[in-house]
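# A structural walkthrough
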Amino acid sequence: MQFQLTSDFIENIAQLIAKKDGNALREVLQNFHFADIAELLEELNTDQATYLIQQLESDLTSEALMELDDDVREKILERLSPKEIAAELEELDTDDAADIIAELDEKIKQKVIDKIEDQEHAADIVELLKYDEDTAGALMAKELVQVKETWTVAGCVREMRRQAENVTRVHSIYVTNKEGKLTGRLSLKDLLTAEAKTKISDVFIPKVDYVTVHTENEEVARIMQKYDLEAIPVVDDKGILVGRITIDDIVDVLREEADKDYQMAAGITGDVEADDSILQLTKARLPWLFLGLLGGVGAFLIMQMFENTFSENAILFFFTPLIAAMAGNVGVQSSAIIVQGLANDDVKGSINSRLIKEMLLAALNGLVLAIFLFGFVWLCEGKVNTALAISTSLVAVIIVAGLIGTFVPLFLDKRGIDPAIATGPFITTSNDIFGILIYFMIAKIILGI
């Protein structure tokens, strides 16, 4: 049965913490999953959560710490001693341990590393900290199972047993030469069915997908998604096997990227959350709101230019919100499809072919909508020219909005800028302005004002 965190249970835990009854806490929580412990920690205040961490076994609390929100974890770590933090890190894979070390204040980082009893584990963590953020080197874990191609099957099995003690999950067995360079992978089936004296070089699979320590996280995710991999080995510039990246790490990357893109599409810059300070949230939102303000001013100036058109055909004024809304909606639709395609590496071919396709699509959609709008305006006003001006403007606005929504993310991607920025207020505001301008220009021409 799935664990349900209730207010009564939280209150019970809080009372045990207030009594400093560590034995009772351990008895109640010893069989809990670390994800449930993390959920509980986030419901307690920082002092209560810190005490609970100190009372439970590190093999449980270390994984729970990794599940916590960054801000919650940071507050708890500030209250733990370097020795206590080191005890947590010793239970984690090197990639997770390095992530926690990177969050610590510079003054305490070395103290924590010095307290880690397993010197090899500490050295691996320090190595991972040297790689640039958002690269495979920083994302990988050092724990893996690797065998030499010169070993026999019997010797390989003995060595795998020793190595597997330090690996939480064995996704793959990697084969290296005597210099440590990655040469292939080993099928467990082939290993089990081969004779004991058979050399690994005779049974391993030389074809293996890999990335380098400098490969960007998003590219790693794309490769693993394309080839449906649960894990992928990482090599250095010389081709030497140095680590592996597992699917759970990639899920975290994809989630963070999706969160960032969603915020950018909503017009929020920076990585912020709902419980951040008012100042942080203001800094993230204000730039795009200011852009929207400029767009509104631009629309006002354009409408002012066509004041005479308004005065002689007041009905045009009432359809202005419709034109602006359609321009914004079509632009966001087009840019969202392109951004999604770029993220999944599905966008192929030249920009021109994409623009032509989008223009034809927009023209078809615009024509269908314009026919309906033409009939509506004609029935309401009884003027063919007015209906023709408004419906023709709608078609033109939709085509232009579709082209802008397609071109901008493609252009940004070519320039190395995150195209997700094009799905937010940037596209909406620009299309509003262009839409209103095109609307009144076409209306003025058709109505002969």
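For the structure, check the block above.
This write-up is about the structure you can find in this document. Numbering of residues starts from 1 in each chain and follows the order in which that chain's sequence is written. Residue-level local features of this predicted model are given only where pLDDT is at least 70; pairs of side-chain atoms are given and counted only at 80 or more, and the full residue set underlies all totals for whole chains, interfaces and linings. To get the side-chain values, take all heavy atoms of the structure and skip hydrogens and water.

## Concerning the overall build of the protein chain
- What counts as a helix is a DSSP run of H or I of at least four residues, what counts as a strand is a run of E of at least two, and both are numbered from the N terminus. Of regular secondary structure, the protein chain possesses 21 helices and six strands.
- The reference for a compact globule is 2.2 Å times residues^0.38; the radius of gyration itself is calculated from the C-alpha atoms. For the protein chain, the C-alpha radius of gyration of 30 Å lies well beyond 22 Å, the compact-globule estimate for 449 residues.
- Viewed in the frame of its principal axes, the protein chain has a C-alpha envelope of about 90 × 65 × 45 Å.
- Note on classification: 1.4 Å probe, protein chains only; a residue is buried when its accessible area is under 20% of the maximum for its type, exposed when over 50%, partly exposed between these limits. Taken over 449 residues, the protein chain has a buried fraction of 44%.
- Pairs at least 24 residues apart make up 66% of the contacts formed inside the protein chain by residues separated by at least 6 positions.
- For the protein chain, the computed accessible surface area is about 25000 Å², with 55% contributed by carbon and sulfur atoms.
- His is not counted here, nor are the chain ends, while Lys and Arg score as positive and Asp and Glu score as negative. Charge positions come from single atoms, namely NZ of Lys, CZ of Arg, CG of Asp or CD of Glu. Across the protein chain, 40 positive and 74 negative side-chain charges occur, with their mean positions spaced 6 Å apart. Contacts are assigned to residue pairs that have any heavy atoms within 4.5 Å of one another. Here the open area of atoms and residues is found with the Shrake-Rupley method and a 1.4 Å probe, where only the protein chains shown may cover a residue.

## Some details on helix α21 (residues 425-447)
- Taking 1.5 Å per residue, 23 residues should reach 33 Å; α21 reaches 32 Å between its end C-alpha atoms and fits that length.
- At the C-terminal side of α21, Gly-448 shows a positive phi close to 65 degrees. Expected span of a helix, by definition, is 1.5 Å for each gap between consecutive residues, and there is one gap fewer than residues.

## A few points about the side chain of Glu-88
- On the secondary structure map, Glu-88 appears in helix α7 (residues 82-89).
- Whenever two N or O atoms come within 3.5 Å, that pair is a polar contact, provided that in protein one can donate a hydrogen and the other can accept it, and provided that, for residues adjacent in sequence, both atoms are side-chain atoms. A distance of 3.0 Å separates a polar side-chain atom of Glu-88 from the backbone nitrogen of Ser-62.
- Leaving out residues up to four positions away in the same chain, Glu-88 has contacts with Ile-53, Ser-58, Thr-61, Ser-62 and Leu-65.

## Side note on the sheet that holds strand β1 (residues 145-148)
- Here, any two strands with at least 2 DSSP bridges between them count as paired. With respect to topology, three strands assemble into an open sheet ordered β1-β2-β3, the strand pairing being mixed. In the strand order of this sheet, the two ends are held by β1 and β3 (182-186), each with one partner. Within this sheet the neighbouring strands show an average axis-to-axis angle of 35 degrees, counted without direction.
- Direction of pairing for strand β2 (residues 173-176) relative to β3: antiparallel, over a ladder of four bridges. When the sheet's bridge partners are listed, Tyr-174 is paired in β3 with Arg-185.
- Contacting β1, β2 and β3, helix α12 (residues 153-164) runs over the sheet at an angle of about 155 degrees to β1. Angular values range over 0 to 180 degrees, each being the angle between N-to-C directions of two axes fitted as lines to C-alpha atoms, with helices fitted over their stretch in contact.

## Focus: the packing of aromatic side chains
- Centre distance within 6.5 Å is the pairing criterion for rings of Phe, Tyr and Trp, where only the six-membered ring of Trp is used; planes under 30 degrees apart are then read as stacked, over 60 as edge-to-face, and the remainder as tilted. Throughout the structure, instances matching the rule amount to five aromatic pairs.
- Pairing Phe-317 with Phe-318 gives two aromatic rings, centres 5.6 Å apart and planes at 80 degrees, and the pair type is edge-to-face.
- By relative accessible area, Phe-318 is classed as exposed at 59%.
- Consider the rings of Phe-407 and Phe-411, whose centres lie 5.6 Å apart with planes at 25 degrees: the pair is stacked. Highlighted residues: Phe-407 and Phe-411, both in helix α20 (residues 384-414), separated by four residues, approximately one helical turn.
- Overall, Phe-411 belongs to the partly exposed group, its relative accessible area being 34%.
- Two conditions define a charge located above a ring, namely a distance within 6 Å from the ring centre to NZ of Lys or CZ of Arg, and an angle within 35 degrees of the ring normal. We note Lys-20 situated over the ring of Tyr-51; from NZ or CZ to the ring centre the distance is 4.5 Å.

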